[in-house]
Amino acid sequence: MSMIGVSVASSKSLQLEATQEAYNKAVVKLNLLLIDDKTHEEVVRSKLFEVMDERNQLGKYSTSDLYVMQKSIEKTVDDFLAGLNEQTITA
């Protein structure tokens, strides 16, 4: 394999690891919410499984896709949780 091939493979491996870490943090955040608050248990559990399914599929994405996913997962989960807060406040 050429040096360029090794560099690209290494880059993808590092990006995959970073993206998996971002997804793991999102899973932990959702799990902690399930432990602390049962108000929206069904919806949060559904979101948790969705995030876990996405995390399990990360190996098939390109390096650039992984970068975008890494940057968006935290915001996606935070927006989801903020929506739950709004539902609780207005309910």
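Residues numbered from 1 in each chain as written. Predicted model: local features only at pLDDT ≥ 70, side-chain atom pairs only at ≥ 80, totals over all residues. Heavy atoms only, no water.

## Side note on the side chain of glutamine 70
Just so we agree on the cut-off: The helix count covers DSSP runs of H or I at least four residues long, the strand count covers runs of E at least two residues long, and both are numbered beginning at the N terminus. With a 1.4 Å probe rolled over the protein chains alone, any residue whose accessible area is under 20% of its type maximum counts as buried; one over 50% counts as exposed, and the rest are partly exposed. Between N or O atoms, a polar contact is any pair within 3.5 Å; within protein, one atom must be a potential hydrogen donor and the other a potential acceptor, and residues adjacent in sequence are included only when both atoms are from side chains. Here, residues are in contact when the closest pair of their heavy atoms is within 4.5 Å.
Within the fold, glutamine 70 resides in helix α3 (residues 63-90). A residue is classified by how much of its surface remains accessible, and glutamine 70, at 19% relative accessible area, is buried. At 2.5 Å, the side chain of glutamine 70 forms a polar contact with the side chain of glutamine 15. Setting aside anything within four residues of it in sequence, one finds glutamine 70 in contact with Gln15, Ala18, Thr19 and Ala22.

## Overview of the layout of surface pockets
Defined as follows: Using a grid of 1 Å spacing that covers the protein atoms alone, one calls a set of points a cavity when a 1.4 Å probe fits there but cannot get out, and a pocket when the set is open and has protein on both sides within 12 Å along at least five of seven lines; lining residues are those with an atom within 4 Å of a point. Grid points are joined across faces, edges and corners, and a volume is the space filled by probe spheres set on the points. Throughout, the ten residues Ala, Val, Leu, Ile, Met, Phe, Trp, Tyr, Cys and Pro are labelled nonpolar, Asp, Glu, Lys and Arg are labelled charged, and all others, Gly among them, are labelled polar.
Quantified by volume, the largest pocket comes out at close to 200 Å³. Forming the boundary of the largest pocket are Ala18, Glu21, Ala22, Lys25, Ala26, Lys29, Gln70, Lys71, Glu74 and Val77. For the lining of the largest pocket, the secondary structure elements donating two or more residues are α1 (3-36) and α3. Among the elements that take part in the lining of the largest pocket, α1 stands out by supplying six residues, more than any other. For the lining of the largest pocket, a count of residues per class yields four nonpolar, one polar and five charged.

## Examining the pattern of salt bridges
What counts, and what does not: Put simply, a salt bridge is a Lys or Arg side-chain nitrogen that is within 4 Å of an Asp or Glu carboxyl oxygen.
Counted under the stated rule, the structure contains four salt bridges. Residues glutamate 41 and arginine 45 are paired through a salt bridge, measuring 2.8 Å at the closest nitrogen-oxygen approach. Here glutamate 41 pairs with arginine 45, and both are found in helix α2 (residues 41-56), just four residues apart, close to one helical turn. The partly exposed category is assigned to glutamate 41, whose relative accessible area is 27%.

## Details of a nonpolar patch on the surface
To keep things clear, this is the line we draw: Each patch is built from salt-bridge-free residues with over 30% relative accessible area, joining like charges within 9 Å and nonpolar side chains (Val, Leu, Ile, Met, Phe, Trp, Tyr) within 5 Å. Areas reported here follow the Shrake-Rupley algorithm with a probe of radius 1.4 Å; residue values treat only the protein chains shown as occluding.
Among the surface-exposed residues, Val28, Leu32 and Ile35 lie close enough to one another that they form a single nonpolar patch of about 290 Å² accessible area. Along the chain, leucine 32 turns up in helix α1.

## Side note on the environment of threonine 76
Within the element layout of this structure, threonine 76 appears in helix α3. C-alpha of threonine 76 to C-alpha of valine 51: the two residues are 25 residues apart in sequence and 9.8 Å apart in space.

## So, α2
An α-helical segment advances 3.6 residues per turn. Residues three or four places apart therefore align on the same side. To keep things clear, this is the line we draw: Working rule for helices: expected span equals 1.5 Å times residues minus one. In this description, one arc is meant: the one made by directions from the helix axis to the C-beta atoms.
In a regular helix each residue adds 1.5 Å, so 16 residues correspond to 22 Å; α2 covers 22 Å between its end C-alpha atoms and thus fits that length. Of all the positions in α2, only Val44, Lys47, Leu48 and Val51 are classed as buried. For α2, the angular spread of buried residues about the axis comes to 105°, placing them on one side. In α2, the exposed positions that point more than 90 degrees away from the buried face belong to Glu42, Asp53 and Asn56.

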